[in-house]
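Here is what each chain is made of, one letter per residue.
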Amino acid sequence: MLSKIVDSTTAPFPDVLPDVSSITGPAIDLYEDGYNDPVYQAKARILNRAIQDIGMGRYQWYLFVVTGFGWFADSVWPLLSGLILAPVVNEFHFNGPLLSLASNIGLLVGAVFWGLGCDIWGRRWSFNVTLFMAGIFGLASGGAPNFVALASLIAMVGVGVGGNLPVDSAVFLDFVPGSHQYLLTILSIWWCLGQLLSNLIAWPLIAGYSCASASDCTKLNNMGWRYLLIILGGITLSLWAVRFFTFTLLESPRFLSGIGRDADAIEVIHKLAKFNGTTSLITLEELETPERAIPGGRPSSVERHKILSKSSKYDTGHIKALFATPKMAWSTSLLIAIWGIIGLASTLYNNFLPYLLSSRGAAFGDGSLYITYRNQVILSVIGLELPYIGRKGTLAIASGLTGAFLFTTTTAQTSNQLLGWNCGYVFFSNIMYGVLYAISPEIFPAKDRGTGNGLTSTASRVFGVLVRPLVISHYLSLSRRGS
C-alpha cells in the first residue's frame, strides 16, 4: 500500500512511501485504485503536496492571466470565419463553407500536434509558440489577395490556436494548488471576453466598410473584414509579447518527473516558492523515495529527455496510458465522445450564426449588416457569466438546455424571437463549456494531460471538418433556392 509509510527524512531507505493520501490532484486520485504507473502516481502526490504547501501566490495569479490569453485566442479565431464570411464571399466569389473548412483543418492539426507534443518535449515551447503563430498569421491574413491565400493563412492560424487550450489548461493545472483548481473554470471568462471583443470590433467595421452585395465588390469598398483581421491579429500578437517578454514559464515539475528529471522538478518547485516569497522543504531524496519503495521503480536518470533529442519523438505511450485501466478507458472515451458530439453542433452553429442572423433577418425584413452584428454583440454579452460548476449534473442540465434552445430557434417568427432563443443558447452553452474546460484536463494524469486534452480537442475538430462541406453546402444551396 502506498499510504501506510514512514517519512523518508527519518529513514534514508524506507520500505514504504511517505503518507501523501491527503494530497489533492483529481487527475491522479481519480484512478487511485488502478493507475498503471504507481511510481509516477506517488511522485505526483509528493509534488502536489509541495505545490499545495507553497500555496496560491504571485506566480499562479500571473499564470492565470497569461494562460487566459489562450482562452481568448480560442474564442476569437475559430469564430472569425463566420464573422467575415459574407463580405469575403462577396469579394472572392467562392463556396462559403471552404473557409471554415480550412480553419478547422488547421485547428485539427494544431490539436494533434501541440496536444501530443507538449507531453513529449515539454510545455514551455508549445505554450509560447502557439499564441505567436495565431498572432502573426492572423495579422498576415488581413492582406490576403485572394481566397487561396486567405484560406491558407487562416489554416495556419488554426494550427496555432488548436494547441492553445490543450497546452494552456495543462500548464495551469500543473502549477495551481489543488485548493484553487476551480480557477480553471473561471478562466472561461477569457473566452467570453474574446467573443465580446471580436464582435464589438466587427460590428462597426463589417457594417460600415463592406460591400452590400457580390456585384461590383472590390478590395477598396470591402475593407471591413481586412481591418478586423489586422486588429485581432495585432491584439493576439501583443498578448503573445506580454506572455513571452514579461513572464517566464517554468517547466511543469510533474512533466519533468514523468520523464525522469527529478532533480529538475525539485529545482522548479524551489523557484516557484522563491517567486511566491516563501520556501519549500521538498528534497530530491523525498521525491525519489517511490523508486526505492515500489518494485520496478527505476532511477530518474534512466529516462532523461532533452528538448528535441532522439528521445523526443511521437509514440503511442501517452495514448495507451489513457486507456490503461477500465475506468481510465471509459472516462477517456466518454470525454472524447462528448467533445465530438458537442463540437459537431456548436462549432457549426457558431461559425454559421452571422449568416443565419442575416438570412433569417432578411426574411423577417431586418437583415442589414448593422442589425446582424448588433445582435452578435448582444449574444456575446449574454455569454459573460461565471457558471457555478457542479460537474456532472451541471454538464447534463446545461447540455440539455443548450440543445433545447437550438431547436427552438427553428420556431422563430420574428428577428427578435430568433435573438431571444439565441440568447438562451449562448447562456447555457457557456455553462456547458465552462464545465467541459474544467473537468477534461482534471481527469487526465498530469504526464499524459496534454495528450488527453489533444484527443478531446481533436474529436471536436474532426467532426467539424467532416460535417462542414456536407451540411453547410446543402443548407446554402437550399437557402439560395428559397431566395
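Residues numbered from 1 in each chain as written. Predicted model: local features only at pLDDT ≥ 70, side-chain atom pairs only at ≥ 80, totals over all residues. Heavy atoms only, no water.

In this section: the packing of helix α5 (residues 97–117) against helix α7 (residues 147–161). Put simply, α5 and α7 touch, their axes get as near as 6 Å, and they point 30° apart. Relative to α7, the element α5 lies roughly parallel. Every pair of crossing elements has a handedness; the one defined by α5 and α7 is right-handed. Each of L98, L99, A102, S103, G106, L107, V109, G110 and W114 in α5 lies in contact with α7, whose residues at this interface are F147, L150, A151, I154, A155, G158, V159, G160 and V161. When grouped by side-chain class, the residues that make up the contact of α5 with α7 number 13 nonpolar, five polar and no charged. (Axes fitted to C-alpha atoms, helices over the stretch in contact; angles between N-to-C directions. Helix = DSSP H or I, 4+ residues; strand = E, 2+ residues; numbered from the N terminus. Parallel < 35°, antiparallel > 145°, perpendicular 65-115°, else oblique. Left-handed = near helix turned anticlockwise from the far one by under 90°. Contact = heavy atoms within 4.5 Å. Nonpolar A, V, L, I, M, F, W, Y, C, P; charged D, E, K, R; others polar.)

This part takes up the packing of aromatic side chains. All chains considered together, the criterion is met by 15 aromatic pairs. Plain terms: the ring middles of W61 and F64 are 6.2 Å apart, the flat faces sit at 70° to each other, and that makes the pair edge-to-face. Here F64 and W61 lie together in helix α3 (residues 58–83), a separation of three residues that amounts to about one turn. W61 sits in the partly exposed class, given a relative accessible area of 40%. Aromatic side chains F113 and W114 sit 4.9 Å apart centroid to centroid with 85° between the ring planes, which places their arrangement in the edge-to-face category. For F113, a relative accessible area of 34% gives the class partly exposed. Classification of W114 by relative accessible area gives buried; the value is 8%. Taken together, the ring pairs in this structure connect Y59, Y62, F175, F247 and F275 into an aromatic cluster. Lying over the aromatic face of F275, R58 brings its terminal NZ or CZ to 4.4 Å of the ring centre. The side chain of R243 reaches across the aromatic face of F127, ending 3.8 Å from its centre. (Phe/Tyr/Trp six-rings, centres within 6.5 Å; stacked < 30°, edge-to-face > 60°. Buried < 20%, exposed > 50% of the residue type's maximum accessible area, 1.4 Å probe, protein only. Lys NZ or Arg CZ within 6 Å of the ring centre and 35° of its normal.)

Here we come to the side chain of T130. With respect to the helices, strands and loops of the structure, T130 is situated in helix α6 (residues 123–141). What T130 contacts, discounting residues up to four positions off in sequence, is W114, G160, V161, G163, N164 and R243.

Counted by the stated rule, this structure contains one disulfide. One disulfide bridge connects C211 with C217, the sulfur atoms lying 2.1 Å from each other. Taking the torsion about the sulfur-sulfur bond, which here is approximately 90°, the covalent link between C211 and C217 counts as right-handed. On the basis of relative accessibility, which here comes to 7%, the residue C211 falls in the buried class. For C217, a relative accessible area of 9% translates into the label buried. (Disulfide = S-S within 2.5 Å.)

In this section: helix α8 (residues 164–175). Because an α-helix packs 3.6 residues into every turn, residues spaced three or four apart end up facing the same way. The end-to-end C-alpha distance of α8 is 17 Å, a good match for the 16 Å that 12 residues give at a rise of 1.5 Å each. Of all 12 residues making up α8, 12 are buried, and the element is well covered by its neighbours. The complete set of buried residues in α8 reads N164, L165, P166, V167, D168, S169, A170, V171, F172, L173, D174 and F175. (Expected span 1.5 Å × (residues − 1).)

So, on to the environment of T411. Within the element layout of this structure, T411 appears in the loop between α18 (392–408) and α19 (415–443). Looking at T411, the relative accessible area reads 43%, which means it is partly exposed. Measuring from C-alpha to C-alpha, the distance between T411 and W421 comes to 9.3 Å, with 10 residues separating the pair along the chain.

Next up on the list: the nonpolar core. One finds L63, W77, L150 and L228 to be the most contacted residues of the largest nonpolar core, which totals 89 residues. With 13 residues, α3 is the single largest residue contributor to this core. In contact with L63, not counting residues within four places along its chain, are G68, V171, F172, F175, F247 and L249. (Core = buried A, V, L, I, M, F, W, Y, C linked by side-chain atoms within 4.5 Å.)

The subject of this paragraph is the confidence of the model for the chain. The pLDDT averaged across the chain works out to 76; a share of 74% of its residues lies at or above 70. Confidence over residues 1–34 falls short of pLDDT 50; this stretch has 79 contacts with residues more than four positions distant or in other chains. (pLDDT = per-residue confidence, 0-100.)

Opposite charge on two side chains permits them to pair, given that their charged atoms come into close proximity. Taken as a whole and judged by the stated rule, the model has eight salt bridges. Here E91 ties to R226 by a salt bridge, and the two come within 2.8 Å at their closest N and O atoms. Within this pair, whereas E91 is found in helix α4 (residues 85–92), its partner R226 is found in helix α11 (residues 224–246), the two being separated by 135 residues in sequence. Taken individually, E91 and R226 each receive the classification buried, so the pair is uniform in this respect. Among the salt bridges present, the one from D174 reaches R123, with a minimum N-O distance of 3.0 Å. (Salt bridge = Lys/Arg side-chain N within 4 Å of Asp/Glu carboxyl O.)

All right, on to the environment of A42 then. Along the chain, A42 turns up in helix α2 (residues 38–54). A42 gets classed as buried once you look at its relative accessible area, which sits at 3%.

Judged by side-chain polarity, I105, V109 and F113 come together as a nonpolar surface patch covering roughly 230 Å² of accessible area. Summarising the element assignment, I105 is placed in helix α5. Residue classification places I105 among the partly exposed positions, given a relative accessible area of 39%. (Patch = residues over 30% accessible without salt bridge, like charges linked within 9 Å, V, L, I, M, F, W, Y side chains within 5 Å. Areas by Shrake-Rupley, 256 points an atom, 1.4 Å probe, with all protein chains shown as cover.)

As a further point, take unusual backbone geometry. Among all residues save glycine, negative phi is the norm, and among peptide bonds the norm is trans. At H93, a residue that is not glycine, the phi angle is positive and equals roughly 55°. Checked against the element boundaries, H93 lands in the loop between α4 and α5. Residue classification places H93 among the exposed residues on the basis of a relative accessible area of 54%. Even without being glycine, D216 reaches a positive phi, approximately 55°. The exposure class of D216 is exposed, given its relative accessible area of 67%.

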